[in-house]
2 protein chains.
Amino acid sequence: MAAGETRSLIVAAADRLFYERGYEATSFADIAEDVGLSRGNFYYHFRTKDEILEAVIGRRMENTRALLERWEQDSEAPAERILRFVDILIANRSKIMEHGCPVGTLCTELAKLDHAAQNDAAELFTLFRDWLARQFSGLGRAADADALALHLLMRSQGVAALATAFRDENFIRREVADMEAWLLAQCPAATAPRSN
Amino acid sequence: MAAGETRSLIVAAADRLFYERGYEATSFADIAEDVGLSRGNFYYHFRTKDEILEAVIGRRMENTRALLERWEQDSEAPAERILRFVDILIANRSKIMEHGCPVGTLCTELAKLDHAAQNDAAELFTLFRDWLARQFSGLGRAADADALALHLLMRSQGVAALATAFRDENFIRREVADMEAWLLAQCPAATAPRSN
DNA sequence: GTCTATATGGGGATAGAC
DNA sequence: GTCTATCCCCATATAGAC
């Protein structure tokens, strides 16, 4: 198999396992087994665990950028775009109740390990933060767009954390509804952008 | 030294290290060194890592109960009591920006490890949840007291998670102010409970 | 590019002397 | 109750054959 292809498989497996089990708790052997490689061959592709982590963060950056672009193409109205972000809590509720938010839990784990890549991981949040801020600007809230973006990110993180602890799907749905109501309150014209 | 005394020292050290570095990343050697014990002696007090975790959770349960009782004694008005809860985000901001919320990060880590003690850890959240719900009931919101309690817990978790990723103290202060405004909006009479 | 075999270190855990 | 010495396993990481 071509080296690049195998590498992609490794990074995809590591991405999933780092999310489900955590970075530290995932061993080379776990990833190798998941891909169907021997541990020896594994080192041909990645020499250290840090290298894999960097690759995983890079992969998530790419995937996130693609996701945000898709949301932007799918909807014209900023409020509708923001709703797409909120809805991932519903769409991914099962995985969130089991393993939390992929971004938040990685950032927290790396912070505790005082890992060199913690700023790189935080860039994943920055992608959402800046994208959301642009949408709030589009809603006519340019002055506090970044604060509104952080507020929404904060809520999604809080929901994910408690959902993991209590495994309560109704709680997620209730808070998502509350976030949607909050969003409407930020810009009453949001639901009817073309009332002409 | 008396066995109980040494045991307390071990649990206190483990409590701190589990918070700062995480449960998995903390080794017996780390704890033993922190207390000033040999690894061999360590096993006289705790036979497995799970036993230490249980003891740490037990310690946190006790400390949390004592904290909530103090808050209840210090303030008569439910709204004022709830403010005490919100203010721990400010009081502990440095540690939170470094290591997140002790309860939330432990629950998340145990969930990823699929650890047997994950429900015990979630009981720490339940202490806050039930206490907050009682305060909201006292505010005349008995019907949705639990939902309001979870909402406030959710916010504090979200603030802690983002504060760790972005290390932004201003963000914490802004969100705490927003939580206080939200609290007032839940019961306009909250600030003046005795206007007679 | 993939494998087996192996080195090296750290982690949890035990035995037994003091 | 505390110590040293030790065992075993698993994890990262390497060497070298195919």
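Definitions and limits used
- Residues numbered from 1 in each chain as written.
- Chains lettered and ligands numbered in written order.
- Predicted model: local features only at pLDDT ≥ 70, side-chain atom pairs only at ≥ 80, totals over all residues.
- Heavy atoms only, no water.
- Helix = DSSP H or I, 4+ residues; strand = E, 2+ residues; numbered from the N terminus.
- Buried < 20%, exposed > 50% of the residue type's maximum accessible area, 1.4 Å probe, protein only.
- Contact = heavy atoms within 4.5 Å.
- Areas by Shrake-Rupley, 256 points an atom, 1.4 Å probe, with all protein chains shown as cover.
- Lys, Arg positive; Asp, Glu negative; His and termini not counted.
- Charge placed at Lys NZ, Arg CZ, Asp CG, Glu CD.
- Buried area = accessible area lost by both parts, 1.4 Å probe.
- Salt bridge = Lys/Arg side-chain N within 4 Å of Asp/Glu carboxyl O.
- Polar contact = N/O pair within 3.5 Å; in protein donor to acceptor, adjacent residues only side chain to side chain.
- Nonpolar A, V, L, I, M, F, W, Y, C, P; charged D, E, K, R; others polar.
- Phe/Tyr/Trp six-rings, centres within 6.5 Å; stacked < 30°, edge-to-face > 60°.
- Near = heavy atom within 4 Å.
- 1 Å grid on protein atoms, 1.4 Å probe; cavity = no way out; pocket = protein on both sides within 12 Å on 5 of 7 lines; lining within 4 Å.
- Points joined across faces, edges and corners; volume = space filled by probe spheres on them.
- Least-squares fit on C-alpha atoms with pLDDT ≥ 70 in both.

(A) Examining the overall build of chain A more closely. Looking only at helices and strands, one finds 10 helices and zero strands in chain A. Mapped from its N terminus to its C terminus, chain A presents α and β elements in the order α-α-α-α-α-α-α-α-α-α. Oriented by its inertia axes, the alpha-carbon framework of chain A measures out at about 65 × 35 × 30 Å. Counting only residues that meet the buried cut, chain A has 52% of its 196 residues in that class. Contacts in chain A between residues far apart in sequence, at least 24 positions, make up 66% of those at least 6 positions apart. A total of about 9000 Å² of accessible surface is found on chain A, and carbon and sulfur atoms cover 47% of it. In chain A, which carries 23 positive and 30 negative side-chain charges, the distance between the mean positions of the two groups comes to 2 Å.

(B) How the structure looks around the interface of chain B and chain A. Of the residues lining the interface, 39 residues belong to chain B; the matching set on chain A comes to 39 residues. In this assembly, chain B packs against chain A so that about 3100 Å² is buried in total across both faces, 65% of it on carbon and sulfur atoms. Counting the surface chain B buries against chain A, the share from its top three residues, Lys112, Met154 and Phe166 of chain B, is 23%. Linking chain B with chain A are zero salt bridges. The tally of links from chain B across to chain A stands at 10 residue pairs in polar contact (both at pLDDT 80 or more). Looking at the side of chain B that touches chain A, the elements with two or more residues in it are helix 1 (3-21), helix 6 (93-99), helix 7 (102-113), helix 8 (118-138), helix 9 (145-166) and helix 10 (169-186) of chain B. Per-element accounting of the side of chain B that touches chain A gives the leading share, 14 residues, to helix 9 of chain B. Split by residue class, the side of chain B that touches chain A holds 18 nonpolar, 10 polar and 11 charged.

(C) Summary view of the packing of aromatic side chains. Applying the stated criterion across every chain yields a total of 16 aromatic pairs over all chains. With a centroid separation of 5.1 Å and 80 degrees between ring planes, the pair formed by Phe18 of chain A and Tyr23 of chain A is classed as edge-to-face. Classification of Phe18 of chain A as buried rests on a relative accessible area of 3%. Under the relative-accessibility criterion, Tyr23 of chain A is labelled buried at 5%. Relative to Trp182 of chain B, the ring of Phe136 of chain B lies with its centre 6.0 Å away and its plane at 75 degrees, an arrangement referred to as edge-to-face. In this pair, Phe136 of chain B sits in helix 8 while Trp182 of chain B sits in helix 10, placing the two residues 46 residues apart along the sequence. Here the two residues Phe136 of chain B and Trp182 of chain B agree in accessibility, since each one is buried. Connected via pairs of aromatic rings, a cluster forms that spans Phe28, Phe42 and Tyr43 of chain A.

(D) Geometry of the protein's contact with DNA strand D. For DNA strand D, the set of nearby residues contains 17 residues, the closest of which are Tyr43 of chain A together with Ala3, Ser38, Asn41 and Tyr44 of chain B. For DNA strand D, a phosphate oxygen lies 2.9 Å from a polar atom in the backbone of Ser38 of chain B. Between a phosphate oxygen of DNA strand D and a side-chain N or O atom of Tyr44 of chain B, the distance comes to 2.7 Å. Going through the elements one at a time, helix 3 (39-45) of chain A together with helix 1 and helix 3 (39-45) of chain B are the ones with two or more residues in the surface near DNA strand D. Considering each element in turn, the surface near DNA strand D owes the most residues, four residues, to helix 3 of chain B. Partitioning the surface near DNA strand D into residue classes produces six nonpolar, nine polar and two charged.

(E) Quick look at empty space enclosed by the protein. Tallying each qualifying case throughout the model produces three cavities of 30 Å³ or more. Taken together, 35 residues form the lining of the largest cavity, with Thr105, Thr108 and Glu109 of chain A together with Thr105 and Thr108 of chain B sitting closest to its centre. Contributions of two or more residues to the lining of the largest cavity are made by helix 7 (102-113) and helix 9 (145-166) of chain A together with helix 1, helix 7 and helix 9 of chain B. In terms of residues, the lining of the largest cavity owes the most to one element, helix 7 of chain B, which gives seven residues. Each residue belonging to the lining of the largest cavity can be placed in one class, and the counts come to 13 nonpolar, 14 polar and eight charged. The space that makes up the second largest cavity amounts to roughly 50 Å³. Only helix 7 and helix 8 (118-138) of chain A together with helix 9 of chain B provide two or more residues apiece to the lining of the second largest cavity. Here the lining of the second largest cavity gets three residues from one element, more than from any other, and that element is helix 8 of chain A. The class makeup of the residues in the lining of the second largest cavity is four nonpolar, three polar and one charged.

(F) Local environment of the relation of the copies chain B and chain A. Of the transformation superimposing chain B on chain A, the axial component is 0.0 Å and the angular component is 180 degrees, with the fit at an RMSD of 0.0 Å. Such values leave the two copies arranged in the relation of a two-fold axis. Measuring from the rotation axis to each C-alpha of chain B, the shortest distance belongs to Gly158 of chain B, at 1.8 Å.

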